[in-house]
Amino acid sequence: MELNGAEIVVQCLKDEGVEYLFGYPGGAVLHIYDALFKQDAVKHILVRHEQGATHAADGYARSTGQPGVALVTSGPGATNAVTGIATAYMDSIPLVVLSGQVPTPVIGSDAFQEADIVGITRPCVKHNFLVKDVHKLAETIKKAFYIATTGRPGPVLVDIPKDVTSPAIKIPYEYPKTVTLRSYNPAVKGHRWQIRKAVDLLLEARRPMIYAGGGVILGNASAVLTDFTRLLGFPITNTLMGLGGYPGTDQQFVGMLGMHGTYEANMAMHECDVLLAIGARFDDRVTGKISEFCPRAKIIHIDVDPASISKTVRVDIPIVGQVGPVLEDMIEMIRSSTKVPDPKALSDWWTQIARWRGIDCLRYDGNSSIIKPQYVIEQLYEATAGAAFVTSDVGQHQMWTAQFYKFDQPRRWINSGGLGTMGFGLPAAIGVKLAHPESEVVCVTGEASIVMCIQELSTALQYMTPIKIVNLNNRYMGMVRQWQEFNYESRYSHSYLATLPDFVKLAESFGHVGMRIEKPSEVRAALEAAFELSDRTVFLDFITDSTENVYPMIEAGKGHHDMRLSPCSSVERELA
Amino acid sequence: MRHIISILIENESGALSRVAGLFSARGYNIESLSVAPTEDASLSRMTLVTSGSDEIIEQITKQLNKLIEVVKLIDISESAHIERELMMLKARVTGAAREEIKRLADIFRGNIIDVTPSTYVIELTGEKSKLDAFIQAVDERAIIEVVRSGTTGILRGDKGLRL
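Now for a quick tour of the structure.

This part takes up the side chain of Gln396 of chain A. Residues and elements named next belong to chain A. By the element assignment, Gln396 lies in helix α15 (residues 396–404). On the accessibility criterion, Gln396 (4% relative accessible area) is buried. If near-sequence neighbours (up to four positions away) are discounted, Gln396 is found in contact with Asn474, Gly478, Met479, Gln482, Glu548, Asn549 and Val550.

Pasting the structure below:
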């Protein structure tokens, strides 16, 4: 088969089994767009801003486990994609981003729409390539997919100058079946001796704790983690990225940990004597003050990325390997061991945890006449029977969703955890809906975040991706407002949005349905009405209490035991 | 503590900037960096001198290993090794100073590789401390310029950094 460069790009995507390509045309990628026009195997989704392309591809990837693919033009097209690339990088999401570049002879001459995107993205990609020779195109795209999806996943950018995709040059095409890189061999199985040591330590634990992160989801290891945790009967917490990696409604689950984690999860971290970290990276929002992190614990850490181990917190037993295979080895060793965890110690530990649970740290004022944001999420959880795919933007609404929507399955909770990218939720929801047309897809957002990528409402109409947007509208950048209240004596510097659009009319002008909900009594009915409109995108604008804060909160620089609790929680019960 | 990290890296454009970018992005020190192709033209060998606590050096080596183009690396300062740096020093020398600086160069086993009526270029190879000592020994006012290659190093004995 003889193909030109543009046809090679498209054929490579077909050979990779790419279903959707999220993109936006421009000068440097016109040859590729012409090749796309002549086929229909790879479905192109025209976004309205390149940031939306990368976020939509990211949402697709997070919800399916398959790599997301985006196509952008050179210069501003590529720089607009950077936020989405960095978002995927921080959360280890497999993306392949194809960017157009000016023709090779003019690279470096400050040509029209030229940007050194390989240089710009270098610190926020797993790897990137500039393809200067059409003969290297197929091989490079193969490498890009291989690198993006193996080991610790991440985004890979392939920069393709316009002349490399020229229709004038046809060459024999064959997509490489395999790829070997002498410098890249990610680990799979963990070291058997290390695993043995870890198992011995776990079986001797008196106050054990499992702390599982996004690596469990990325490694498709939720089922094995669940078996493992139930086998041991230990308490487990998930990070923000790990939610759904262990069933959120299970008795052994003590909630999310970290800055806005539950009281019981954070206290159990503080008091545990053996901590097993699984596919988690000891992020600062999780650890709080490093010197006070798990002060009494021996720490075991399983991670596919050796650089994640002992990066911020020194661990006692490092295990480099994929989470799934390592946990399988552990299960086998536990089953064949004559030792079992001390039942008395474990039962005392659970009694202690039950006492911490008793303070009811997430309780909020249920009698308010103003809509409480937590109430909306609780109602959303019930209305969807906990089975929806939920994307979010960044801020208070994100934390409330993490706290109140109990994810029982992996890949249902789609949010920007590491980079904290406002504007992520809507385009991500479009990517999720394309991948899961039969499932409910909800974007929980706030009035500040949603406008950052609001243009994608057009994309949602064009491709008929009926999503439900739950806008918790408190007129403030809520998390900024909360920090200003706590740390800046309520000086709300530029966090109030004095001019907001009429979101109902805005939704309607984009061809969708808009609803405004102002009373708690209307919340459930509005949600149900929105889900009834199964073929429409519905924008639900909930007017919520602007003074509500996210609790518990570990303020920056404090330890896990040093939480600020909601005035509604029953601290007195703990003291008694 | 000072560490010398030897790296075999794919000889591709952009590879060097990935290493340099990693150090600036993560706030690690680079004391010196030298790089050139090896006997295998597809590989470059880089010698990087850095400093930091054991934890930081561990992170540096892990992060370097994570770069796709890094094939192999070793911290040679953890084993018996030899390190060398090349320096060329141009000095303004007239009258009696010409003889004096020649003697000094001889003491340090340096070579005078360029001579004009008023200048010498002295070539000197050795460990960093030897080159520092030579600069100290030369009259500061006489120095026109100094150029140093940065440290390179190799393990003693039969071990080596190769594929």
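Still to come is the rest of the account.
Residue and element names in this part refer to chain A. Two numbers describe how helix α14 (residues 373–383) lies on helix α21 (residues 523–532): the axes approach to 10 Å, and their chain directions differ by 45°. Of the possible angle classes, the one that applies to α14 and α21 is oblique. In the packing of α14 onto α21, the handedness of the crossing is right-handed. Seen from α14, the contacting residues are Tyr375, Val376, Gln379, Leu380, Glu382 and Ala383; seen from α21, they are Val523, Arg524, Leu527 and Phe531. Across the contact of α14 with α21, the residue classes tally to 7 nonpolar, 1 polar and 2 charged.

Quick look at helix α6 (residues 137–149) of chain A now. Residues and elements named next belong to chain A. Between its first and last C-alpha, α6 extends 19 Å over 13 residues, near the 18 Å set by a 1.5 Å rise per residue. In terms of burial, α6 is largely enclosed, as 10 of its 13 residues are buried. Against the buried residues of α6 lie α1 (5–15), β4 (68–72), β5 (95–101), β6 (127–130) and β7 (155–161). Positive backbone phi, approximately 60°, marks Gly151, located one or two places after α6.

Residue and element names in this part refer to chain A. Under the definition given, this model contains 18 aromatic pairs over all chains. Ring geometry for Phe486 and Tyr551: centres 6.2 Å apart, planes at 35°, overall tilted. One end of the pair, Phe486, is in helix α19 (residues 478–487); the other, Tyr551, is in the loop between β20 (538–543) and α22 (571–575), with 65 residues separating them in the sequence. Comparing Phe486 with Tyr551, the two get one shared label, buried. Among the aromatic residues, those joined into a ring-pair cluster are Tyr381, Tyr405, Phe407 and Trp413. Above the plane of the ring of Phe389 lies Arg412, whose end atom (NZ or CZ) is 4.3 Å from the centre. A cation over an aromatic ring shows up here: Arg564 above the ring of Phe486, its NZ or CZ 3.6 Å from the ring centre.

To continue, consider the sheet that holds strand β1 (residues 2–10) of chain B. Residues and elements named next belong to chain B. Read from one edge of the open sheet, 4 strands run β2-β3-β1-β4, paired in antiparallel fashion. Bordering the open sheet on either side are β2 (32–37) and β4 (70–75), each of which pairs with just one other strand. The mean inter-strand angle of the sheet, taken between neighbouring strand axes irrespective of direction, is 15°. Packing of helix α2 (residues 54–66) onto the sheet brings it into contact with β1, β3 (43–51) and β4, and relative to β4 it is tilted by some 160°.

What follows is about a nonpolar patch on the surface. Residues and elements named next belong to chain B. A cluster of nonpolar side chains, Leu86, Met88, Ile113 and Val147, forms an exposed patch at the surface whose accessible area comes to about 300 Å². With respect to the element layout, Ile113 can be found in strand β6 (residues 111–115). A relative accessible area of 42% means that Ile113 is categorised as partly exposed.

Here we come to the interface of chain A and chain B. With 17 residues of chain A at the contact, the number on the chain B side is 19 residues. Across the interface of chain A and chain B, roughly 1,600 Å² is buried in total on both sides, 47% from carbon and sulfur atoms. It is Arg122, Arg182 and Ser183 of chain A in chain A that bury the most area against chain B; as a group they hold 40% of the surface buried on that side. At the boundary of chain A and chain B, one finds 3 salt bridges. Among the salt bridges present, the one from Arg182 of chain A reaches Glu10 of chain B, with a minimum N-O distance of 2.8 Å. Joining chain A to chain B, the criterion identifies 10 residue pairs in polar contact (both at pLDDT 80 or more). The residue inventory of the side of chain A that touches chain B, partitioned by class, reads 6 nonpolar, 4 polar and 7 charged.

Estimated volume of the second largest pocket: approximately 770 Å³. Taken together, 32 residues form the lining of the second largest pocket, with Phe129, Leu130 and Val131 of chain A together with Glu12 and Ser13 of chain B sitting closest to its centre. Within the residue set of the lining of the second largest pocket, elements represented by two or more residues are α5 (117–121), β6 and α6 of chain A. A breakdown of the residues in the lining of the second largest pocket according to their chemical character gives 10 nonpolar, 8 polar and 14 charged.

Basis of the calculations
- Residues numbered from 1 in each chain as written.
- Chains lettered and ligands numbered in written order.
- Predicted model: local features only at pLDDT ≥ 70, side-chain atom pairs only at ≥ 80, totals over all residues.
- Heavy atoms only, no water.
- Helix = DSSP H or I, 4+ residues; strand = E, 2+ residues; numbered from the N terminus.
- Buried < 20%, exposed > 50% of the residue type's maximum accessible area, 1.4 Å probe, protein only.
- Contact = heavy atoms within 4.5 Å.
- Axes fitted to C-alpha atoms, helices over the stretch in contact; angles between N-to-C directions.
- Parallel < 35°, antiparallel > 145°, perpendicular 65-115°, else oblique.
- Left-handed = near helix turned anticlockwise from the far one by under 90°.
- Nonpolar A, V, L, I, M, F, W, Y, C, P; charged D, E, K, R; others polar.
- Expected span 1.5 Å × (residues − 1).
- Phe/Tyr/Trp six-rings, centres within 6.5 Å; stacked < 30°, edge-to-face > 60°.
- Lys NZ or Arg CZ within 6 Å of the ring centre and 35° of its normal.
- Pairing = 2+ DSSP bridges.
- Patch = residues over 30% accessible without salt bridge, like charges linked within 9 Å, V, L, I, M, F, W, Y side chains within 5 Å.
- Areas by Shrake-Rupley, 256 points an atom, 1.4 Å probe, with all protein chains shown as cover.
- Salt bridge = Lys/Arg side-chain N within 4 Å of Asp/Glu carboxyl O.
- Buried area = accessible area lost by both parts, 1.4 Å probe.
- Polar contact = N/O pair within 3.5 Å; in protein donor to acceptor, adjacent residues only side chain to side chain.
- 1 Å grid on protein atoms, 1.4 Å probe; cavity = no way out; pocket = protein on both sides within 12 Å on 5 of 7 lines; lining within 4 Å.
- Points joined across faces, edges and corners; volume = space filled by probe spheres on them.

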